[in-house]
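Structural features, examined
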Amino acid sequence: MRAAFKNGTHIMDNSSERLLDKCEGIIAKSKWRFWDDFQNGRNWKFKHLVEADIWSKPMSFEKRLILLPSWSPNSGPLVSPNSDKCLQEIINSSISLQDVSAPCAVSTDCWNLFFRNGAGSGYYLTHKLLLLQIARARNCWLSPATFQRQTREICSAIMSEIINANSKASIEEMFDLFLEQVLLCGYEGFSEFIQNDWLFHILKSQRFSGCFVDHLTDELKSRIKRDVNYFEDGCNDHTTGLGAAVLGLYYVYIVNE
């Protein structure tokens, strides 16, 4: 991200600098933790997910025809009950990256839950998209046409959710989810997810240290049940990491466009 500003035509403000510093520390600690820890490092192979090389790709943005999803938006579960299990299956079946695509085995349950069943909302949809992106990043064999179709369908449903949440002024209480939605769909080049008013809202939500608060209600926290680490100023690592990545996404868009 810093390299994008070496030409001097763009400025990274102080809060973004602080945010980047904090996130770089989180990534560095996580990488060594996953490498050394027996359960996470040797079984889950999470250490392979924090390698920048598998996520680096040429970025271009364009407005695309939004596909109507084959299910009713905002229907189905908010959270994905077995996304960690399915993530583990993809990673463990692609431990050794190859130059050419190779099959990555997943169980019937994971296939039916994430790659066949379309219904869902919230984190269920973002986790479904993330699993597709990880399969591509791990060089699993994946039909480009299938990936593009499912990605467009998922992001179309996600955009519908954001618009609906915005009309109900409920983005704030689902801020962590909102960041995840913008990041994953924006990463696929959907310029519909690059909007000035969203950027202003994200920047206004930054704490002085540069980090972000999830703003989840207690009821939603009990439903999501995510393990997060909270900082002294009330921020947490998950939302802060998302915030840093979203700002990086917007920076790339500004530099490219």
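Calculation notes
Residues numbered from 1 in each chain as written. Predicted model: local features only at pLDDT ≥ 70, side-chain atom pairs only at ≥ 80, totals over all residues. Heavy atoms only, no water. Salt bridge = Lys/Arg side-chain N within 4 Å of Asp/Glu carboxyl O. Helix = DSSP H or I, 4+ residues; strand = E, 2+ residues; numbered from the N terminus. Phe/Tyr/Trp six-rings, centres within 6.5 Å; stacked < 30°, edge-to-face > 60°. Buried < 20%, exposed > 50% of the residue type's maximum accessible area, 1.4 Å probe, protein only. Lys NZ or Arg CZ within 6 Å of the ring centre and 35° of its normal. Core = buried A, V, L, I, M, F, W, Y, C linked by side-chain atoms within 4.5 Å. Contact = heavy atoms within 4.5 Å.

As recorded by an unreviewed UniProt entry, the chain carries the name Cullin N-terminal domain-containing protein and is attributed to Dendroctonus ponderosae.

Before going further, it helps to examine the pattern of salt bridges. Going through the model one piece at a time under the given rule, you end up with 2 salt bridges. Ionic pairing is found between E188 and K57, a salt bridge with its closest N-O pair at 3.7 Å. Highlighted residues: E188 in the loop between α7 (175-187) and α8 (196-204) and K57 in the loop between α2 (38-44) and α3 (83-92), separated in sequence by 131 residues. Ionic contacts of the salt-bridge type, sharing partners, join the residues K57, R136 and E188 into one network.

Attention shifts here to the packing of aromatic side chains. Following the criterion strictly, the structure yields 6 aromatic pairs and no others. With a centroid separation of 5.1 Å and an interplanar angle of 85°, the aromatic rings of F61 and Y253 are classed as edge-to-face. Taken together, the residues F61 in the loop between α2 and α3 and Y253 in helix α10 (residues 237-256) connect sequence positions 192 residues apart. Overall, the relative accessible area of 10% leaves F61 in the buried class. Taking the relative accessible area as the measure of exposure, Y253 reaches 25% and is therefore partly exposed. Looking at K57, its charged tip hangs above the ring of Y187, at a distance of 4.2 Å from the centre.

Judged by nonpolar contacts, the single largest core of 46 residues is most densely connected at F178, F193, W198 and I202. Where this core is concerned, the elements lending two or more residues are α3, α4 (108-116), α5 (123-137), α6 (144-167), α7, α8 and α10. With 8 residues, the single largest contributor to this core is α6. Ignoring sequence-local partners within four residues, the contact set of F193 consists of C155, I158, M159, I162, Q181, V182, C185, G186, W198 and Y250.

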